[in-house]
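So the chains spell out like this:
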Amino acid sequence: MLIQKRRMSLVMSAVVASLMGCSQNSTEQHSKIEFKDVTQSVGLVTENNWKYGGPAVADMNNDGRYDFLLTNHNSTPAQLFIANEDNTYTEIKGQFPMADLHGLTAGDYDLDGDNDVILSVGGGSGLKPQPQRLFRNDNGNFVEVTKEAGVAELGARGRAVRWIDLDSDGDLDFLQINAPKVVNEDMPRNILFKNNGDGTFDYHHSPSFEEVDAERLLLSDFDNDGYLDVIAFDGHGITTLLKNNNDFSFTDVTSKWLTKDAENYKYVIAVAHLDMDQDGDLDYYLARGKLHYGLANNSISYTKETKRLDLRDEGNESEDGMLLTVDGDLSLINFYHWPRAKDLEYMPVFLGKDKTSIKPPEDTFVVAKETAKGFPDEITETGWYVGYLGDGKWKVRWKLGVKQAWGIRASFGGVTEYDTEFTPNNSDLPDVLLRNDGTHFTDISDTLPKLTNHNNWGVAVGDFDNDSDDDLFVYRFGKLKERLPDLLLVNDGTGKFEASLATSATSGVGKDQHGDMGIAIDYNQDGKLDLLNGDDDNGPWYMYQNITENNNHYAFVHVGYSVKGVDPYGAKIEVTTQQGKQHKTVGSLNASHSQSLLNIAHFGLGNLDKIDKVKVTWRDGTTETKSNLSADNTYKFGK
């Protein structure tokens, strides 16, 4: 009833504001949100490579500034960047080994006052299951303690790890959620470890969790009972909601909370929670799209202006083809196969009826009509087949044997028209917006802007204009070989969002890289939320400074340890002003494979320069309250 009254109040306020020609919240100042790329000036030096989801952000040395743990999949070890007082970052090298890294997380499992790290390591396509790797923080030096902590015996195809207190005993346990088992393993797919309080962990059997079909998750108290629940999701499977019973067990409440069947929430790649309508419970944005494997199945991008056609297809046993209309000669560009079979060094290109063999071009190779006349009568070998048929028509086919590649890619230049033998893969999917109505979610996705219907790989939460309403930043994969601008969704104060292209926060537009995932933080402590973004598939990490100009106020609530010594994870923050109440839960506001510890929480205040009250409640039940506070300051709670 209270929720219904608040929503009726919001509607009436909006009507009155419309009649009076003013915004619903008369104290807030709206302005265009702008960013600038400061990656180089802050010292964020990273390589172009795959990311596997967003960063893990946490204050690793408890100096009041956020530090970064960055994933780079398997080409570069996890990178640790420590914040300096001059708002730059220094990489601390040599802390973590090279690994088939997917997710990571930071948390103080030994309660010594600094954050330790877990890496989630892949299992070599299931042939070599690996345990998660635990690194203890010894005054800034990370020492691997996987064996001595007792967590080296259970291996898997690691995807995501999370610190979580599963029995409310004050110390952090952890869970690992993994890719499907593909060999005859005698261990669970997903794993829970109980913290013994002496630096060691024990495996804890949990049937309701161990066989969940997902590779990513967000910890979030969706039922508002004080315990962090699990929202598990996957790039191709369904979304599962697990209620935390506070005893290392979970109850699957998917059918209770989702008004539609969970089958309608496939292809979820990232999830964010926010109190978009400020009613005291958490609402959810689900970014949906298709990952590399989903894209590697007859996917095509065509750009008329450049006359280039880009192709991706699966690497399993297959044969497909298409007919191209070309102005002049045909350009073959960046032919590539993602190696799977050791005996397939490269996929040759066979030209014309006589099948003249050449190596696949790594850059651009122009095929003249006279060198590729005709098309072979038989196609028997693995490779690309290209032939000129006359009258500007070219025939292209490709063939692979059993499990010879994870995927193949190629581009063709000079193309004016094309006709495929297959129906091209549509990677665009509508995102999902779920409003929390206390006992269930209501799907209000139809209120989302049309621009969100894309192949979206990530979402971040933050009040980017400090107007007191959380906004969203949506990361778009883009075309197959072309970065597109990401999206900024601005909350209008009623829980609805207006979309605009975030060109000022997308430096790689037009390049051969793709949107992935990031997080909103205030790196330079000026009260405005900036963006730490990662571009996948040949892109680096970026830092974007928020340069929005307005006079809106803000506050930071820095949550430390409770008086009983419990760390900040799961603590709830309630900020009360003349406008109402804002709520945040300490942890990650958004997640894919990695987990952040955002215990320096940002609150926009609009034009209000006073806060009536801030209340922090730790997961051990202890509380601390401060009243009559001035805006534009950081307030510390706990030890």
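Residues numbered from 1 in each chain as written. Predicted model: local features only at pLDDT ≥ 70, side-chain atom pairs only at ≥ 80, totals over all residues. Heavy atoms only, no water.

Chemist: It is not clear to me how the overall build of the chain should be interpreted in this structure. Could you clarify?
Modeler: Summing up its helical and strand segments, the chain has four helices and 45 strands in all. Against the 2.2 N^0.38 benchmark of 26 Å for 639 residues, the chain shows a C-alpha radius of gyration of 26 Å, consistent with a compact globule. Counting only C-alpha atoms, the chain reaches 85 × 65 × 50 Å along its principal axes. Relative to its 639 residues, the chain shows a buried fraction of 61%. (Helix = DSSP H or I, 4+ residues; strand = E, 2+ residues; numbered from the N terminus. Rg over C-alpha atoms; globule rule 2.2 N^0.38 Å. Buried < 20%, exposed > 50% of the residue type's maximum accessible area, 1.4 Å probe, protein only.)

Chemist: What exactly am I supposed to notice about the sheet that holds strand 16 (residues 240-244) here?
Modeler: Two modes of strand pairing occur in sheets, parallel and antiparallel, and in both the strands are linked by backbone hydrogen bonds. Spatial ordering of the open sheet is given by 14-15-16-17, a layout of four strands whose pairing is antiparallel. Each of the sheet's edge strands pairs with one partner strand only, and the pair in question is strand 14 (216-220) and strand 17 (250-252). With direction set aside, neighbouring strand axes in the sheet form an average angle of 25 degrees. Taken together, the five bridges between strand 14 and strand 15 (residues 229-233) define a ladder with antiparallel strand orientation. Bridging across to strand 15, L219 finds its partner in V230. (Pairing = 2+ DSSP bridges. Axes fitted to C-alpha atoms, helices over the stretch in contact; angles between N-to-C directions.)

Chemist: Sorry, what's going on with the pattern of salt bridges here?
Modeler: Close approach of charged atoms allows side chains of opposite charge to pair. Scanning all chains against the criterion turns up 27 salt bridges. A salt bridge links R308 to D310; the shortest N-O distance between them is 2.9 Å. For D310, a relative accessible area of 2% translates into the label buried. The shortest N-O distance in the salt bridge between D535 and R483 comes to 2.9 Å. Taken together, the residues D535 in strand 36 (residues 530-536) and R483 in the loop between strand 32 (471-476) and strand 33 (486-491) connect sequence positions 52 residues apart. The same class applies to D535 and to R483, which are both buried. (Salt bridge = Lys/Arg side-chain N within 4 Å of Asp/Glu carboxyl O.)

Chemist: Is there a simple way to explain the packing of aromatic side chains in this structure?
Modeler: In this description, an aromatic ring pair is defined by two values, namely the gap between the centres and the angle between the planes. The final tally for this structure, using the stated rule, is 30 aromatic pairs. Taken together, a centroid distance of 5.7 Å and an interplanar angle of 75 degrees make the contact between W163 and F174 edge-to-face. Of this pair, W163 sits in strand 10 (residues 158-164) while F174 sits in strand 11 (residues 173-178), and the two are eleven residues apart along the sequence. Taking relative accessible area as the criterion, F174 reaches 1% and is therefore assigned buried. For the pair F222 and F441, a centre-to-centre distance of 6.3 Å together with 65 degrees between the ring planes defines the contact as edge-to-face. One end of the pair, F222, is in the loop between strand 14 and strand 15; the other, F441, is in strand 30 (residues 441-443), with 219 residues separating them in the sequence. The two residues F222 and F441 agree in class, both being buried. The ring of Y267 has K290 lying over it, and the distance from NZ or CZ to the ring centre is 5.8 Å. Here the basic side chain of K584 rests over the ring of F603, its NZ or CZ set 4.5 Å away from the ring centre. (Phe/Tyr/Trp six-rings, centres within 6.5 Å; stacked < 30°, edge-to-face > 60°. Lys NZ or Arg CZ within 6 Å of the ring centre and 35° of its normal.)

Chemist: So what exactly am I meant to see when it comes to the confidence of the model for the chain here?
Modeler: Caution applies to low-pLDDT parts of the model: their predicted coordinates are not meant to be read in detail. Across the chain, the average pLDDT comes to 91, with 94% of residues at or above 70. Below pLDDT 50 for its whole length, residues 1-27 participates in 33 contacts with residues either more than four positions away or in separate chains. (pLDDT = per-residue confidence, 0-100. Contact = heavy atoms within 4.5 Å.)

Chemist: Explain the layout of surface pockets to me, please; I cannot follow it from the model alone.
Modeler: Empty space among the atoms can be located by rolling a probe the size of a water molecule over them. Of the voids in this model, the second largest pocket is the one considered here, and its volume is about 520 Å³. Taken together, 25 residues line the second largest pocket, and the ones lying closest to its centre are N224, G280, K572, E574 and H583. Of all elements in the fold, only strand 39 (572-577), strand 40 (580-585) and strand 43 (610-617) reach the threshold of two or more residues within the lining of the second largest pocket. With five residues, the single largest contributor to the lining of the second largest pocket is strand 40. When grouped by side-chain class, the residues that make up the lining of the second largest pocket number four nonpolar, ten polar and eleven charged. (1 Å grid on protein atoms, 1.4 Å probe; cavity = no way out; pocket = protein on both sides within 12 Å on 5 of 7 lines; lining within 4 Å. Points joined across faces, edges and corners; volume = space filled by probe spheres on them. Nonpolar A, V, L, I, M, F, W, Y, C, P; charged D, E, K, R; others polar.)

Chemist: Mind showing me how you'd approach unusual backbone geometry here?
Modeler: One can expect most non-glycine residues to show negative phi and most peptide bonds to be in trans. The residue D391 is not glycine, and still its phi comes out positive at about 55 degrees. Turning to its location among the elements, D391 is positioned in the loop between strand 26 (383-390) and strand 27 (393-400). One non-glycine residue, N466, lies in the positive phi region at around 55 degrees. Residue N466 is classed as buried on the basis of its relative accessible area, which comes to 4%.

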